[in-house]
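One-letter residues, chain by chain:
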Protein chains: 2
Amino acid sequence: MEYLQRLVAQFARLPGIGTKTAQRLAYHVINMPPEDVKQFARDMFDARSKVRYCAVCGNLSEQELCEVCADPKRDASVICVVRDARDVHAIEKTHEYRGLYHVLGGTISPLEGTGPDDIAIHSLLKRLEGDVREVILATNPDVQGEATAAYIARLIAPLGLVVTRIAHGVPVGAELEYADEVTLAKAIEGRRQM
Amino acid sequence: MEYLQRLVAQFARLPGIGTKTAQRLAYHVINMPPEDVKQFARDMFDARSKVRYCAVCGNLSEQELCEVCADPKRDASVICVVRDARDVHAIEKTHEYRGLYHVLGGTISPLEGTGPDDIAIHSLLKRLEGDVREVILATNPDVQGEATAAYIARLIAPLGLVVTRIAHGVPVGAELEYADEVTLAKAIEGRRQM
């Protein structure tokens with residue numbers, strides 16, 4: 001069963017897919033209509049070959065510019081800095097934000113040997129030479145994300161822009177008693193007058 | 001992002017893969033080396049086109065006969081009846097069983113409209129005309145599996161073969177107190193002298 005085992009191995013190499021799941025997926029594919037499998041294989045190949053990075057912000061794109069950068073109705077004076085394209089997707093789904101993005105492609109992590117030069121900070125600075133009013137630092141609320149946000153905030157402080165950090169707090173719909181102490185402390189610290 | 005969304009949709013159609021996971025997988029593929037993605041797509045296509053069903057037992061196979069049926073060292077006088085090819089794989093991994101298999105391709109389930117004619121029972125009866133000594137019914141220990149086993153047992157009783165059912169009991173390594181009552185009752189009922 002060489003071909004089947006090869007497909008199992010391919011699925012098992014995907015992140016978060018264990019051997020059992022890989023097997024289940026491979027068996028499913030074996031039982032799919034041949035035309036559907038052909039289409040799946042083609043979609044996989046197409047996605048990889050047609051999707052690239054936006055020349056301006058680093059977001060995933062199928063054109064030279066991503067859909068956000070190419071949209072003249074977006075507010076070009078605000079740039080939201082995120083770790084990767086999935087974060088752009090997550091924020092876009094809120095339909096709240098109307099500015100542009102900048103995708104770092106990683107976070108500063110000395111332990112993993114990722115320094116400021118390994119992520120897209122230089123291209124961010126280049127963009128800030130233009131007409132930018134505010135930079136929102138929206139890296140993850142974890143150690144690397146906070147360190148990266150702090151690094152960038154310090155770096156661009158001399159430019160005199162408004163630099164903000166997304167709010168930490170209790171997730172909407174969550175129960176206070178289940179929130180961890182750090183989140184709860186941040187929620188109290190960041191309280192607003194009603 | 002048409003191509004990316006298409007790939008997300010493909011992953012999301014796989015069993016047990018939700019939208020979030022599908023997205024994670026698609027983004028991962030986008031970041032894989034193009035050559036690796038090409039190979040993955042090819043492996044998927046190959047597996048589907050090269051893998052078929054064994055002409056004798058219905059197990060998955062890349063030849064006319066599956067690896068078990070084609071092996072002259074297997075004991076052809078014992079046939080183990082299972083629901084699908086994944087069960088064959090699971091039993092083979094124990095390296096305990098040396099007989100042949102018969103894959104039903106489903107179970108009898110009136111609620112889902114699956115009757116005895118929808119699974120490979122006729123071909124099983126054909127095989128029992130040969131030199132078979134024992135039939136092991138190894139369908140799942142759930143309602144459909146039990147019903148299917150009972151149906152087949154009744155059907156082949158007149159042939160005078162030994163018909164057995166795999167043992168129910170407490171899984172090895174499990175704790176008695178966490179076993180459900182039905183399993184525990186079956187374990188006591190199936191007790192053996194030491």
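Preceding block: the structure.
Presented here is a report on the structure given in the accompanying data block. (Residues numbered from 1 in each chain as written. Chains lettered and ligands numbered in written order. Predicted model: local features only at pLDDT ≥ 70, side-chain atom pairs only at ≥ 80, totals over all residues. Heavy atoms only, no water.)

Across the contact, 47 residues belong to chain A and 47 residues belong to chain B. Surface buried jointly by chain A and chain B totals about 5000 Å² across both partners, of which 66% is contributed by carbon and sulfur atoms. When the buried area of chain A at its contact with chain B is split by residue, Met1(A), Met44(A) and Arg48(A) rank highest and sum to 15% of it. Between the two partners, chain A and chain B, sit four salt bridges. (Contact = heavy atoms within 4.5 Å. Buried area = accessible area lost by both parts, 1.4 Å probe. Salt bridge = Lys/Arg side-chain N within 4 Å of Asp/Glu carboxyl O.)

Turning our eyes to something else, we now look at helix α2 (residues 19–30) of chain A. Along its 12 residues, α2(A) runs 16 Å from first to last C-alpha, staying within 8% of the 16 Å computed at 1.5 Å per residue. Where α2(A) is concerned, the buried positions are Ala22(A), Gln23(A), Leu25(A), Ala26(A), Tyr27(A), Val29(A) and Ile30(A). The inward-facing, buried residues of α2(A) abut α1 (2–12) and α3 (34–50) of chain A together with α3 (34–50), β2 (60–61) and α4 (85–92) of chain B. (Helix = DSSP H or I, 4+ residues; strand = E, 2+ residues; numbered from the N terminus. Expected span 1.5 Å × (residues − 1). Buried < 20%, exposed > 50% of the residue type's maximum accessible area, 1.4 Å probe, protein only.)

Attention shifts here to the relation of the copies chain A and chain B. Expressed as a screw transformation, the operator carrying chain A onto chain B has a rotation angle of 180 degrees and an axial translation of 0.0 Å, and the superposed copies differ by an RMSD of 0.1 Å. Seen this way, the second copy is the image of the first under a two-fold rotation axis. When C-alpha positions in chain A are compared against the rotation axis, the closest is assigned to Ala41(A), at 2.2 Å. In this assembly the copies share their binding face: 100% of the residues contributing to the interface of chain A also contribute to that of chain B. (Least-squares fit on C-alpha atoms with pLDDT ≥ 70 in both.)

Right, let's get into the pattern of salt bridges. Per the counting criterion, the structure on display carries 21 salt bridges over all chains. Between Arg165(B) and Glu146(B) there is a salt bridge whose closest N-O contact spans 3.2 Å. Placement of Arg165(B) in strand β6 (residues 162–165) and of Glu146(B) in helix α6 (residues 143–156) is noted, with a sequence separation of 19 residues between them. Through salt bridges with shared partners, a single ionic network connects Glu2(A), Arg6(A) and Asp43(B).

Residue and element names in this part refer to chain A. Summed over all chains, the structure comprises zero disulfides over all chains. For the unlinked cysteine cysteine 57, the closest cysteine sulfur is that of cysteine 66, found at 3.7 Å. According to the relative accessible area criterion, cysteine 57 is buried, its value standing at 1%. Unpaired in terms of disulfides, cysteine 69 finds its nearest cysteine sulfur in cysteine 57, a separation of 3.7 Å. We classify cysteine 69 as buried; its relative accessible area is 18%. (Disulfide = S-S within 2.5 Å.)

Residues and elements named next belong to chain A. The four strands lie next to each other as β4-β3-β5-β6, forming an open sheet whose pairing is parallel. Each having just a single partner strand, β4 (99–103) and β6 (162–165) make up the two edges of the open sheet. On average, each strand axis in the sheet is inclined to that of its neighbour by 25 degrees, with strand direction left out of account. As defined by bridge partners, strand β3 (residues 75–82) adjoins β4 across five bridges and the pair is classed as parallel. Bridging across to β4, isoleucine 79 finds its partner in leucine 100. Sitting on the sheet, helix α6 (residues 143–156) is in contact with β3, β5 (134–137) and β6, with an inclination near 170 degrees to β6. (Pairing = 2+ DSSP bridges. Axes fitted to C-alpha atoms, helices over the stretch in contact; angles between N-to-C directions.)

It is the contact of α3(A) with α3(B), at a shortest axis distance of 9 Å, that shows an interaxial angle of 180 degrees. Comparing their axes, α3(B) and α3(A) come out roughly antiparallel. The segment α3(A) lies against α3(B), with Pro34(A), Val37(A), Lys38(A), Phe40(A), Ala41(A), Met44(A), Phe45(A) and Arg48(A) engaging Pro34(B), Val37(B), Lys38(B), Phe40(B), Ala41(B), Met44(B), Phe45(B) and Arg48(B). Of the residues contributing to the contact of α3(A) with α3(B), the split by class is 12 nonpolar, no polar and four charged. (Parallel < 35°, antiparallel > 145°, perpendicular 65-115°, else oblique. Nonpolar A, V, L, I, M, F, W, Y, C, P; charged D, E, K, R; others polar.)

What follows is about α4(B). Buried within α4(B) are the following residues: Ala85(B), Asp87(B) and Val88(B). In an axial view of α4(B), the angular spread of the buried residues amounts to 155 degrees, which keeps them on one side of the axis. The elements touched by buried residues of α4(B) are α2 of chain A together with β2, β3 (75–82) and β4 (99–103) of chain B. Here α4(B) starts with a cap whose side-chain oxygen sits 3.1 Å from the backbone nitrogen of Arg86(B), and that cap is Asp84(B). (Arc of directions from axis to C-beta. Polar contact = N/O pair within 3.5 Å; in protein donor to acceptor, adjacent residues only side chain to side chain.)

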